[in-house]
Every structure is written in structure tokens, then in C-alpha cells.
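# Chains, contacts and geometry: an overview
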Amino acid sequence: ELQFLGSVMGKKEGRKWMYKLMVSCNPFGNPVIPGDTHLTYHNIGAQNIGKKLLQDINDAAPEQYIIMMQENK
């Protein structure tokens with residue numbers, strides 16, 4: 001899996017796709033929506049996926065992570 005992820009991150013199109021996926025998971029934001037428990041739980045689940053992706057990217061292709069972030073400033 002990490003080898004595959006490294007391959008994806010090795011291509012500009014792959015980094016663009018991964019960045020959009022990570023942004024949609026909002027790994028660094030606040031997942032809590034006051035008064036809406038269901039949406040809060042949904043956001044927490046999405047955030048967990050984003051954090052897992054972030055960890056996997058850092059394990060598989062840390063240099064490509066930096067490039068991805070620079071490409072998406």
C-alpha cells in the first residue's frame with residue numbers, strides 16, 4: 001500500500017488528487033458542529049481518514065508531501 005501511495009505521490013496529477021482528498025477530510029480543522037451531533041461524528045470520521053492519509057503519505061513519500069503542499073499554496 002505504501003509503495004502504491006509513493007507511486008501516486010510521484011506524479012503531479014497524483015499529488016493534486018491526494019491534496020483534494022485530504023482537504024475534503026479536513027485533518028487539521030475543528031470537527032465539532034455545536035448542536036449537531038450527527039454532523040460532528042461525520043466530521044470526526046472524515047478527519048480520522050485524513051489523518052491516516054497524512055501519516056501514510058509521510059511514511060511513503062515525505063519529500064513528495066512537501067512538494068504537494070508547495071504546489072497547492
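Overview of the structure.

### As for the side chain of Asp56
Here Asp56 lies in helix H3 (residues 37-60). Owing to a relative accessible area of 17%, Asp56 belongs among the buried residues under this scheme. When neighbours within four sequence positions are excluded, Asp56 is seen to be in contact with Leu2 and Leu5.

### A closer look at unusual backbone geometry
Even without a glycine there, the phi angle at Asn26 is positive, about 50 degrees. Within the secondary structure, Asn26 sits in the loop between helix H2 (12-25) and H3.

### What about the packing of H3 against helix H4 (residues 62-71)?
Two numbers describe how H3 lies on H4: the axes approach to 5 Å, and their chain directions differ by 120 degrees. As judged from the angle between their axes, H3 and H4 are oblique. Packed against H3, whose contacting residues are Leu54, Ile57, Asn58, Asp59 and Ala60, the element H4 presents Pro62, Tyr65 and Met68 at the interface. Looking at the contact of H3 with H4 residue by residue, the class counts come to six nonpolar, one polar and one charged.

### Here's the deal with H4
Those residues of H4 that sit buried are Gln64, Tyr65 and Met68. When H4 is viewed along its axis, its buried side chains cluster within an angular range of 110 degrees and face the same direction. Along H4, exposed side chains directed more than 90 degrees from the buried face belong to Glu63 and Gln70. Structurally, H4 contributes buried residues whose contacts are with helix H1 (2-9), H2 and H3.

Parameters and conventions
- Residues numbered from 1 in each chain as written.
- Predicted model: local features only at pLDDT ≥ 70, side-chain atom pairs only at ≥ 80, totals over all residues.
- Heavy atoms only, no water.
- Helix = DSSP H or I, 4+ residues; strand = E, 2+ residues; numbered from the N terminus.
- Buried < 20%, exposed > 50% of the residue type's maximum accessible area, 1.4 Å probe, protein only.
- Contact = heavy atoms within 4.5 Å.
- Axes fitted to C-alpha atoms, helices over the stretch in contact; angles between N-to-C directions.
- Parallel < 35°, antiparallel > 145°, perpendicular 65-115°, else oblique.
- Nonpolar A, V, L, I, M, F, W, Y, C, P; charged D, E, K, R; others polar.
- Arc of directions from axis to C-beta.

Remember, this is a structural readout, not a statement about activity or role.
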